[in-house]
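Each chain, written out:
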Amino acid sequence: MALRTLESLGDLAGRRVIVRCDLNVPLKDGVITDDGRVRASLGTLRTLIEAGARVVVISHLGRPDGEAKPEYSLAPVATRLGELLGAAVAFAPETTGEATTSAVEALSDGEVLVLENLRYQAAETSKSDEERTAFAEQLAALGDAFVSDGFGVVHRKQASVFDLPQLLPSAAGTLIETELRVLDRLTENPERPYTVVLGGSKVSDKLGVIEHLLPRVDNLLIGGGMLFTFLKAQGHAVGKSLLEEDQLDRVRGYVRDAEARGVRLILPTDVVVASGFAPDAEHATVAAESIESTSFGSDGIGLDIGPETAAAFADVIASSKTVFWNGPMGVFEFDAFAAGTRVVADALTRVDGLGVVGGGDSASAVRALGFDDEQFGHISTGGGASLEFLEGKSLPGLEVLGW
Ligand SMILES: Nc1ncnc2c1ncn2[C@@H]1O[C@H](COP(=O)(O)OP(=O)(O)O)[C@@H](O)[C@H]1O
Ligand SMILES: O=C(OP(=O)(O)O)[C@H](O)COP(=O)(O)O
């Protein structure tokens, strides 16, 4: 079956349309540091506004774990959306309930309302089908049709992504369409050599994709918070660096599998180790197998790949024909630990072929480091979602749209 697109919903004038976006943007002290995901949502929203729909935008932000934590409020995002649309955007401080229902009823044709963070409700991410369905039914009561456009979250079997589209006439928005068009080029006979670069901090999520990527790629480069589980699996001490202790056997299996398949699985040879997790932490560059050799000893924490590794990664990337990169190479938010990410981003801009960056933080990293979106083949709004798509998996949020 083909993906259902907006046209399949027919005339939307005067109809209440719920749009699931991924407005999970980075915030610092309540201020959005990168509005890329808000901008990416504009295409679909403008189309619906022009069609005269009454638009109800829903999204998550971060992982508040079912609690209404104010630092995860979507209120600043609603304000930014209004600025970018050049129109008033209303905000409902509750996701469901009487006040929210009234706010939806008060919408005129072409107006937009943003609801508070879906993940303030534990049911949004619940493993129980009943709990998710009950929440999805409450959301469905607010709309006549549903548009799924949060590409970054289509790999999640969550109420607003998987259950809600089954309760209303539903279709994909234009962001999802665009993302799939580009990512298809990475799955259908990618030009070789094909290199995937992995980093970031969602280590447990993303280690799992390696198993399915190994049969598909020529080179797999491991940086960011993920690299320490590999180093530990090889018997090296990693101080207080990010570590998935229960994944060590699995990672050893990946190394063996890569060897057997002739895939180059390239690990860092040097690492920047810091005295603590802080922008002004003391730091030193050491060999990857000697992380605890600095004066910080076993308190040392690896926050970036070293310059030798960055140069080696850059060589492999720049000589590849197809590259997908998800996950910053280090804690780029702190200047002292941004060098590895900068070198990798720069190499990606030099790929003679298709170079794709994917992920909320990866996209925000390249922009924060001064690169323009146009320097890359594509900047995907989804990291985990893209990776699972590249694995060839069927994703819950796409399956329900007919994909
Ligand atoms: N060595 C490291 N230790 C801790 N965090 C890291 C390390 N390297 C990168 N990170 C963090 O990873 C985060 C992004 O990870 P992730 O969410 O997986 O990426 P994306 O959003 O692009 O998919 C960044 O905030 C960055 O600071
Ligand atoms: O930021 C996101 O994913 P990404 O970090 O993989 O790009 C999405 O908003 C999904 O968030 P989640 O990984 O908390 O489900």
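Model, not experiment: these values are computed from the prediction.

### Observations concerning the site of ligand 2
- With respect to spatial proximity, 15 residues lie near ligand 2, and among them R63, R119, R156, K202 and G384 are the closest.
- Taking R119, its side chain carries an N or O atom lying 2.8 Å from an oxygen atom of ligand 2.
- Protein burial of ligand 2: of its 390 Å² of free accessible surface, 95% is covered by the chains.
- By residue class, the composition of the shell around ligand 2 is no nonpolar, eight polar and seven charged.

### Some words on the UniProt feature "binding site: substrate" (unreviewed entry) in the protein chain
- UniProt's entry tags D22, L23, N24, R37, H60, L61, G62, R63, R119 and R156 with the feature "binding site: substrate" (unreviewed entry), counted in the numbering of this structure.
- Structurally, L23 is set in the loop between β1 (16-20) and β2 (27-28).
- Discounting chain neighbours no more than four positions away, the residues touching L23 are R37, V38, S41, V57, S59, H60, L61, L74 and V77.
- If we ignore the near neighbours within four places in the chain, the residues touching L61 are L23, N24, V25, L27, Y72, S73, L74, V77 and N117.

### Focus on the side chain of N326
- One can find N326 in strand β15 (residues 322-326).
- Of the residues examined, N326 reaches a relative accessible area of 1% and is grouped as buried.
- In this structure the side chain of N326 is engaged in a polar contact, spanning 3.0 Å, whose partner is the side chain of K206.
- When sequence neighbours within four positions are dropped, the list of residues in contact with N326 reads V197, L198, G199, K206, G358, G359, S362, G383 and L387.

### As for the pattern of salt bridges
- For the coordinates displayed, the defined rule picks out 20 salt bridges.
- The residue D109 makes a salt bridge to R54 at a minimum N-O spacing of 2.7 Å. Note that D109 is positioned in the loop between α4 (98-105) and β6 (112-115) and R54 in strand β4 (residues 54-58), a separation of 55 residues in sequence.
- Of the residues examined, D109 reaches a relative accessible area of 43% and is grouped as partly exposed.
- R54 sits in the partly exposed class, given a relative accessible area of 25%.
- One salt bridge in this structure joins D205 and R63, with 3.6 Å as the shortest N-O distance. In this pair, D205 sits in helix α8 (residues 203-207) while R63 sits in the loop between β4 and α3 (75-85), placing the two residues 142 residues apart along the sequence.
- Under the relative-accessibility criterion, D205 is labelled partly exposed at 31%.
- Through salt bridges that share partners, D35, R39, R80 and E83 make up one connected network.

Thresholds applied
- Residues numbered from 1 in each chain as written.
- Chains lettered and ligands numbered in written order.
- Predicted model: local features only at pLDDT ≥ 70, side-chain atom pairs only at ≥ 80, totals over all residues.
- Heavy atoms only, no water.
- Near = heavy atom within 4 Å.
- Polar contact = N/O pair within 3.5 Å; in protein donor to acceptor, adjacent residues only side chain to side chain.
- Areas by Shrake-Rupley, 256 points an atom, 1.4 Å probe, with all protein chains shown as cover.
- Nonpolar A, V, L, I, M, F, W, Y, C, P; charged D, E, K, R; others polar.
- UniProt positions renumbered as here; feature names shortened; annotations may be inferred.
- Helix = DSSP H or I, 4+ residues; strand = E, 2+ residues; numbered from the N terminus.
- Contact = heavy atoms within 4.5 Å.
- Buried < 20%, exposed > 50% of the residue type's maximum accessible area, 1.4 Å probe, protein only.
- Salt bridge = Lys/Arg side-chain N within 4 Å of Asp/Glu carboxyl O.

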